[in-house]
Amino acid sequence: MSRMDPTLSEMPSKGADFAWNDTFLLGYTPMDTVHEEFVARARALRDADAADLPAALAAMVAHLREHFAQEDTWMTETEFPPRQCHIDEHAAVLRSADEVLGLAGQGQLEPARGFAEALVDWFPGHADYLDAALAHWMCKRQHGGKPVVVRRGLALR
Ligand SMILES: [Fe+2]
Ligand SMILES: [Fe+2]
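The rules behind these values
- Residues numbered from 1 in each chain as written.
- Chains lettered and ligands numbered in written order.
- Predicted model: local features only at pLDDT ≥ 70, side-chain atom pairs only at ≥ 80, totals over all residues.
- Helix = DSSP H or I, 4+ residues; strand = E, 2+ residues; numbered from the N terminus.
- Buried ≥ 20, exposed ≤ 12 C-beta atoms within 10 Å, placed from the backbone.
- Contact = placed C-beta atoms within 7 Å.
- Bend = angle between axes of the 7 residues up to and from the residue.
- Expected span 1.5 Å × (residues − 1).
- Core = buried A, V, L, I, M, F, W, Y, C linked by C-beta atoms within 7 Å.
- Axes fitted to C-alpha atoms, helices over the stretch in contact; angles between N-to-C directions.
- Parallel < 35°, antiparallel > 145°, perpendicular 65-115°, else oblique.
- Left-handed = near helix turned anticlockwise from the far one by under 90°.
- Nonpolar A, V, L, I, M, F, W, Y, C, P; charged D, E, K, R; others polar.

S.K.: Where do I start with the overall build of the chain in this structure?
M.R.: Scanning the chain from terminus to terminus reveals 5 helices and 0 strands. Seen in sequence order, the chain has helices and strands lined up from the N terminus as α-α-α-α-α. Sorting the 157 residues of the chain into buried and exposed places 21% on the buried side. Long-range pairs, those at least 24 residues apart, make up 64% of the contacts in the chain with a sequence separation of at least 6.

S.K.: Can you walk me through helix H5 (residues 110-143) in this structure?
M.R.: An α-helical segment advances 3.6 residues per turn. Residues three or four places apart therefore align on the same side. Maximum bend of H5: about 45 degrees, positioned at Ala127. Buried residues of H5: Ala112, Phe115, Ala116, Leu119, Ala127, Asp131, Leu134, Ala135, Trp137, Met138 and Cys139, and no others. Elements in contact with the buried residues of H5: helix H2 (29-47), helix H3 (53-77) and helix H4 (83-105). One or two steps after H5, the chain reaches Gly144, where phi turns positive at roughly 75 degrees.

S.K.: Please clarify how H2 should be interpreted in this entry.
M.R.: Taking 1.5 Å as the rise per residue, H2 with 19 residues should run 27 Å; its terminal C-alpha atoms sit 27 Å apart, in good agreement. Of the positions making up H2, those classed as buried are Met31, Asp32, His35, Arg41, Ala42 and Leu45. Elements that come into contact with the buried residues of H2 comprise H3 and H5.

S.K.: Sorry, what's going on with the nonpolar core here?
M.R.: Across soluble globular proteins, nonpolar side chains have a tendency to be buried as a group. Counting residues in hydrophobic clusters, the biggest one holds 15 residues, and the most contacted among them are Ala42, Leu45, Leu57, Met60, Ala112 and Ala116. For this core, the secondary structure elements donating two or more residues are H2, H3, H4 and H5. Here this core takes 5 residues from H3, the largest share from any one element. Grouped together as the second largest cluster of nonpolar side chains are 12 residues, Phe24, Leu25, Met31 and Ala127 included.

S.K.: Quick question: what am I supposed to make of unusual backbone geometry here?
M.R.: Backbone phi values are negative for most residues with the exception of glycine, while trans is the configuration of most peptide bonds. The backbone of Phe18 shows a phi angle near 50 degrees, a positive value even though the residue is not glycine. In this fold, Phe18 is placed in the loop between helix H1 (6-10) and H2. Taking the number of C-beta atoms within 10 Å as the measure of exposure, Phe18 has 21 and is therefore buried.

S.K.: Is there a simple way to think about the packing of H2 against H5 in this case?
M.R.: Where H2 contacts H5, the two axes come as close as 9 Å, and the packing angle between them is 165 degrees. Looking at the two axes, H2 sits roughly antiparallel to H5. Helix-helix and strand crossings are classified by hand; for H2 and H5 the assignment is left-handed. Along its contact with H2, which presents Met31, His35, Phe38, Ala42, Leu45 and Arg46, the element H5 presents Ala112, Ala116, Glu117, Leu119, Val120, Phe123, Ala127, Asp131 and Ala135. Looking at side-chain class alone, the contact of H2 with H5 contains 11 nonpolar, 1 polar and 3 charged residues.

S.K.: Is there a simple way to explain the environment of Asp128 in this structure?
M.R.: Among the structural elements, Asp128 can be located in helix H5. What makes Asp128 partly exposed here is the crowd of 14 C-beta atoms within 10 Å. It is 8.4 Å that separates the C-alpha atoms of Asp128 and Phe24, two residues lying 104 residues apart in sequence.

Pasting the structure below:
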C-alpha cells in the first residue's frame, strides 16, 4: 500500500514547482490573467541560464511595474479602503527590483537569481492576503457579490 494518498499527491500546490494552477485563481479575471503572466515570468527568471538572465530580469521587472501599477490604479480609482499597505508592499518589491536591475547592469547577475527565488516565496502570501481582498472588492463592485472560484483537481471533502 502506498504511504501517500493518491488524491493528495495529485493535488496541485503553490509551492515546489511554482507552476500556474487553479489554486492561484482569485476570481477577478483581469487580475488572474496578470498573475498567470507573473508566474511564467518568475519561473523564466528563476530557471534562466547566464546568457538569458539579463533579458529574463528585464522582462520580470517590466512585468512587475505594469502588474503593480494596474492593481494600484484599481485601488485608488475605486477608493479601496485598506489600499495603503498593499500599495506600500508593491513599492517595496519595486525598490528591490531596481536594486537588482542596477547590479545586473554592473555585471552582477547572482542577485537576480536570489530575487527570482524571493519572488516565488513572496507571491503566494501576497496573492492570498492582499490581492484576494482586492479581487473580492473588484468583483463586488462589478457584480454585487464575492467571486465564485471553481478550481479544478482539488479534493473535496
Ligand atoms: Fe497581484
Ligand atoms: Fe498586489
